[in-house]
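In case you want the letters, here they are:
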Amino acid sequence: MSSPVDGPPPQGPPNIDLYTRNGFAGPMATIVRAQYSPPYTRVRGNYAPHRFDIHDVADAAFADPRALPVAVLDGAGVSVEVSRRTEPAGFAVRNVLADELHYVLEGEAALHTDFGVLDLHPGDFVLLPRAVTYRYASIGAPLREMIVVTESQLAVDPENAPGVLNVDLHVDAPVPDPTTNRGPGEYEVVIRHGQEFTSYFYDYDPMPCLATAGAPIVRRFNIENVHGLGVEQGGLMPPRLINDATTRTLFYHLGNRRSDRPPIHHNADYDEVICYVAGPGHYGAVDKPGTVTWTPKGIIHQGPEEDVPEGYEAWLLETRSPLSLTPAGREIGTLMETGQFDIHPSASQPV
Ligand SMILES: [Fe+2]
């Protein structure tokens with residue numbers, strides 16, 4: 001079979017392959033090669049880069065209003081999940097063992113939380129730390145979310161703030177609203193503990209919050225207010241948006257910006273999950289919002305040009321957890337080449 005078409009080698013020989021430890025933070029070394037390293041002809045086994053469109057998770061998976069998110073990638077203490085809601089949930093959820101980062105790809109909804117109410121809009125990142133209860137109280141337009149669930153403690157902590165994200169101006173918190181009390185009746189709170197669920201029932205509405213004080217716990221910002229800083233010459237690492245003291249689960253902005261195309265590299269410690277969320281510009285071979293690319297740690301890749309004049313929005317999850325596709329992920333995933341993140345030419349061939 002012919003080699004994958006990744007576009008021309010960006011540098012011409014010699015090609016530099018950058019080996020990095022600890023993501024963008026550890027020792028780095030370059031390997032000079034005569035050949036362009038990302039292309040592979042075929043792969044046997046499951047440890048392979050894939051891409052998928054979260055719209056391809058069948059609507060039937062979410063038809064039941066009690067449906068919970070569907071994991072498409074998971075690993076030690078981390079999962080990447082997809083949620084779709086067309087009607088309010090008749091229950092609240094409290095994840096007691098993991099923090100959740102929700103990204104609203106589509107839709108409008110009112111989210112009740114222990115700390116008050118948030119009106120959700122496309123482009124919102126919502127950090128729901130563990131042990132916070134939340135309920136989808138009303139759905140203005142069908143909601144589609146990508147959810148990263150991690151046992152790590154996450155914090156909104158942008159690098160280069162306020163240039164990248166002005167926390168004082170553009171990171172907000174839920175607003176207490178006692179009028180959300182739904183009155184007498186039976187209420188259910190689903191406690192999520194790992195992959196198991198336990199329901200508590202109440203004869204009063206357990207959600208309304210009259211007031212809060214202290215540190216902001218639930219935090220929200222919109223990708224519209226995140227700015228990619230560029231450089232006139234050379235390359236620039238993507239800016240971190242959300243931090244994790246254990247460095248297991250880190251989130252970066254990956255929208256268009258003036259910077260050289262990323263080097264050919266292999267990331268020794270982090271899986272890279274990129275979520276392309278808005279156009280109109282193409283991010284290499286990716287042009288449909290809701291497309292996710294996954295490159296497992298240690299696999300040589302380059303990735304597309306990020307200096308796209310038409311503009312696009314994307315974000316990057318880096319995780320030390322060794323992810324793998326879940327059964328739902330395998331159903332929608334396609335083998336990916338690692339130059340432009342296109343479908344791999346061998347994907348349509350029998351393995
Ligand atoms: Fe990478």
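Residues numbered from 1 in each chain as written. Predicted model: local features only at pLDDT ≥ 70, side-chain atom pairs only at ≥ 80, totals over all residues. Heavy atoms only, no water.

**Student:** Could you give an account of the nonpolar core, with specific residues and numbers?
**Tutor:** Membership of the largest hydrophobic core comes to 38 residues, with the highest contact counts inside it found for Phe221 and Trp315. A domain-level breakdown of this core finds at least three residues from each of domain 1 (35–52 + 224–344) and domain 2 (58–223). In this structure Trp315 touches Tyr103, Phe125, Met146, Val148, Ile223, Phe251, Tyr252, Leu254, Val273, Ile274, Cys275 and Val277, once residues within four positions along its chain are discounted. Listed in part, the 17 residues of the second largest apolar core include Leu120, Val132, Leu143 and Val190. (Core = buried A, V, L, I, M, F, W, Y, C linked by side-chain atoms within 4.5 Å. Buried < 20%, exposed > 50% of the residue type's maximum accessible area, 1.4 Å probe, protein only. Domains from an automatic or database assignment. Contact = heavy atoms within 4.5 Å.)

**Student:** Tell me about the pattern of salt bridges, residues and numbers included.
**Tutor:** Counted according to the given criterion, the structure contains 17 salt bridges. Arg135 is the salt-bridge partner of Asp205, the closest N and O atoms lying 3.1 Å from each other. Note that Asp205 is positioned in the loop between β13 (196–202) and β14 (219–222) and Arg135 in strand β10 (residues 133–150), a separation of 70 residues in sequence. Classification of Asp205 by relative accessible area gives buried; the value is 7%. When its relative accessible area of 3% is taken as the criterion, Arg135 is described as buried. (Salt bridge = Lys/Arg side-chain N within 4 Å of Asp/Glu carboxyl O. Helix = DSSP H or I, 4+ residues; strand = E, 2+ residues; numbered from the N terminus.)

**Student:** Talk me through the sheet that holds strand β1 (residues 15–20); I want residue IDs and the actual numbers.
**Tutor:** Taken in spatial order, the three strands of this open sheet run β2-β1-β17, and their pairing is mixed. Looking along the sheet, the strands with just one partner apiece sit at the ends: β2 (28–33) and β17 (264–267). Averaged over neighbouring strand pairs, the angle between their axes works out to 25 degrees when direction is ignored. Across six bridges, β1 lies against β2 in antiparallel orientation. Residue pairing for β2: Asp17 is matched across the bridge by Ile31. (Pairing = 2+ DSSP bridges. Axes fitted to C-alpha atoms, helices over the stretch in contact; angles between N-to-C directions.)

**Student:** Tell me what's going on with the packing of aromatic side chains, and back it up with residues and numbers.
**Tutor:** Tallied over the entire structure, the rule returns ten aromatic pairs. Relative to Phe221, the ring of Phe125 lies with its centre 4.8 Å away and its plane at 25 degrees, an arrangement referred to as stacked. Linking Phe125 in strand β9 (residues 124–128) with Phe221 in strand β14, this pair joins segments that are 96 residues apart in sequence. Judged on exposure class, the residue Phe125 and its partner Phe221 are both buried. One aromatic cluster in this structure is built from Tyr103, Phe125, Phe221, Phe251 and Trp315. A cation sits over an aromatic face here: Arg66 above Phe91, 5.0 Å from the ring centre. (Phe/Tyr/Trp six-rings, centres within 6.5 Å; stacked < 30°, edge-to-face > 60°. Lys NZ or Arg CZ within 6 Å of the ring centre and 35° of its normal.)

**Student:** Which residues make up unusual backbone geometry, and what values go with them?
**Tutor:** The peptide bond linking Ala161 to Pro162 adopts the cis configuration, its omega dihedral lying at 0 degrees. Within the secondary structure, Pro162 is located in the loop between β11 (154–156) and α1 (167–170). Here Gly279 and Pro280 are connected by a cis peptide whose omega angle stands at 10 degrees. Its place among the elements puts Pro280 in the loop between β18 (271–278) and β19 (291–295). Here the phi dihedral of Asn22 falls at roughly 55 degrees; this positive angle occurs in a residue that is not glycine. Tracing the backbone through its elements, the reader meets Asn22 in the loop between β1 and β2. A relative accessible area of 29% places Asn22 in the partly exposed class. Unusually for a residue other than glycine, Thr247 sits at a positive phi of about 60 degrees. For Thr247, the position within the fold is in the loop between β15 (240–244) and β16 (249–253). For Thr247, a relative accessible area of 29% gives the class partly exposed.

**Student:** Lay out the domain arrangement of the chain with the relevant residues and their values.
**Tutor:** Accessible area lost upon the coming together of the parts serves often as the stated size of an interface. Parsing the chain into structural domains produces domain 1 (35–52 + 224–344) and domain 2 (58–223). For domain 1 versus domain 2, the separation of C-alpha centres amounts to 25 Å. Facing 41 residues of domain 1, the contacting portion of domain 2 comprises 34 residues. Across the domain 1/domain 2 interface, buried area totals approximately 3,200 Å², and carbon plus sulfur atoms make up 65% of it. For the pair domain 1 and domain 2, the interface holds two salt bridges. Put simply, Arg240 and Glu159 hold a salt bridge, and the shortest N to O gap is 3.9 Å. Put simply, the parts of the chain that give the side of domain 1 that touches domain 2 at least two residues each are β15, β16, β18, β19, β20 (313–319), β21 (324–325) and α2 (327–332). Each residue belonging to the side of domain 1 that touches domain 2 can be placed in one class, and the counts come to 24 nonpolar, twelve polar and five charged. (Buried area = accessible area lost by both parts, 1.4 Å probe. Nonpolar A, V, L, I, M, F, W, Y, C, P; charged D, E, K, R; others polar.)

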